[in-house]
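Descriptive structure summary
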Amino acid sequence: MSYTVKLYSEFENEIEKFLSLYFNENFKLDNKFFWKKEFESPIEIIDIMAVFADNKEKFKANMWISLDKDVFISISENNINSLIKYIYERFPY
């Protein structure tokens with residue numbers, strides 16, 4: 001199974017700005033309003049979730065994650081800590 005991170009924005013280049021910060025390189029996307037990445041391990045998505053939540057006020061974008069097929073959870077400052085704890089408890093490897 002793979003675990004998904006999706007970024008959405010109504011504003012052009014917001015996702016590119018965030019990904020450039022996260023990956024520390026100049027990021028260019030064909031679709032300026034959407035980005036999706038599949039991860040092999042749910043633990044791998046914690047870093048990008050945390051960076052997104054810590055910098056949410058800098059970017060006009062939304063992040064959604066999927067830990068189960070067809071179920072997406074919006075990432076916010078209010079739920080980030082609980083989600084990280086949940087991921088480590090559910091997937092303790």
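Here goes a summary of the coordinates provided. All chains use their own residue numbering, which begins from 1 and follows the written sequence. Reporting of local features is limited, given that this is a predicted model, to residues whose pLDDT is at least 70; pairs of side-chain atoms are given and counted only at 80 or more, and all residues count toward the totals for whole chains, interfaces and linings. No hydrogens and no water enter the side-chain calculation; it runs on all heavy atoms of the structure.

**What about the overall build of the protein chain?**
Applicable threshold: Runs of E in the DSSP output that reach at least two residues are strands. Runs of H or I that reach at least four are helices, and both are numbered from the N terminus. Radius of gyration here is computed from C-alpha atoms only, and the compact-globule reference equals 2.2 Å multiplied by the residue count raised to the power 0.38. To sort residues, take the accessible area from a 1.4 Å probe on protein chains only and compare it with the maximum for the residue type: under 20% means buried, over 50% means exposed, and anything in between is partly exposed. Any two residues having at least one pair of non-hydrogen atoms within 4.5 Å are treated as being in contact. Note on areas: Shrake-Rupley, 1.4 Å probe, and residue coverage restricted to the protein chains presented here. By the counting rule applied here, Lys and Arg register as positive and Asp and Glu as negative, while His and the ends of each chain are not counted. Charge coordinates come from a single atom per side chain, which is NZ of Lys, CZ of Arg, CG of Asp or CD of Glu.
Within the protein chain, the secondary structure is distributed over 3 helices and 4 strands. Against the compact-globule benchmark of 12 Å for 93 residues, the protein chain has a radius of gyration of 13 Å, which places it among compact chains. The 93 residues of the protein chain split such that 41% are buried. Considering only contacts in the protein chain between residues 6 or more positions apart, those separated by 24 or more positions represent 60%. Accessible surface computed for the protein chain: about 5,800 Å², of which carbon and sulfur atoms make up 48%. Distance from the positive charge centre (12 side chains) to the negative charge centre (16 side chains) of the protein chain: 2 Å.

**Quick word on helix H3 (residues 80-90)**
The following threshold applies: Our arc is simply the arc of the directions from the helix axis toward the C-beta atoms.
All of the buried residues in H3 are Ile80, Leu83, Ile84 and Ile87. One face of H3 carries all of its buried residues, which in axial projection span an arc of 100 degrees. For H3, the exposed residues set more than 90 degrees away from the buried face come down to Asn81, Ser82, Lys85 and Glu89. Looking at the packing, one finds that the buried side of H3 touches helix H2 (45-54), strand S3 (62-68) and strand S4 (71-74).

**Regarding the sheet that holds strand S2 (residues 34-39)**
Put simply, the rule is: Only strands that DSSP links by at least two bridges are regarded as paired with each other. In this description, a line fitted to the C-alpha atoms serves as the axis of each element, helices being fitted only across the stretch in contact, and the angle between N-to-C directions of two axes falls anywhere from 0 to 180 degrees.
Spatially, 4 strands are ordered S2-S1-S3-S4 in an open sheet, and the strand pairing comes out antiparallel. Among the strands making up the open sheet, the edge pair consists of S2 and S4. Strand after strand, the sheet turns through a mean of 20 degrees between neighbouring axes, direction not considered. The pairing of strand S1 (residues 3-8) with S3 spans 5 bridges and is classified as antiparallel.

**A short note on the environment of Thr4**
To keep things clear, this is the line we draw: Polar contact criterion, stated in full: a pair of N or O atoms within 3.5 Å, where within protein one must be able to donate a hydrogen and the other to accept it, and residues adjacent in sequence count only if both atoms are side-chain atoms.
Examined against the element boundaries, Thr4 turns out to sit in strand S1. With relative accessibility at 7%, the residue Thr4 sits in the buried group. For the pair Thr4 and Lys69, spaced 65 residues apart in sequence, the C-alpha to C-alpha distance is 9.3 Å. Those residues in contact with Thr4, other than ones at most four positions away along the chain, are Lys36, Lys37, Glu38, Trp64, Ile65, Ser66 and Phe72. At 3.0 Å, the side chain of Thr4 and the side chain of Glu38 are in polar contact.

**Here we look at the pairing of S1**
Where burial is concerned, most of S1 is hidden: 5 out of the 6 residues are buried. The sheet contact formed by S1 and S2 spans 6 bridges and is antiparallel. Looking at S2, one finds that Leu7 is bridged to Trp35.

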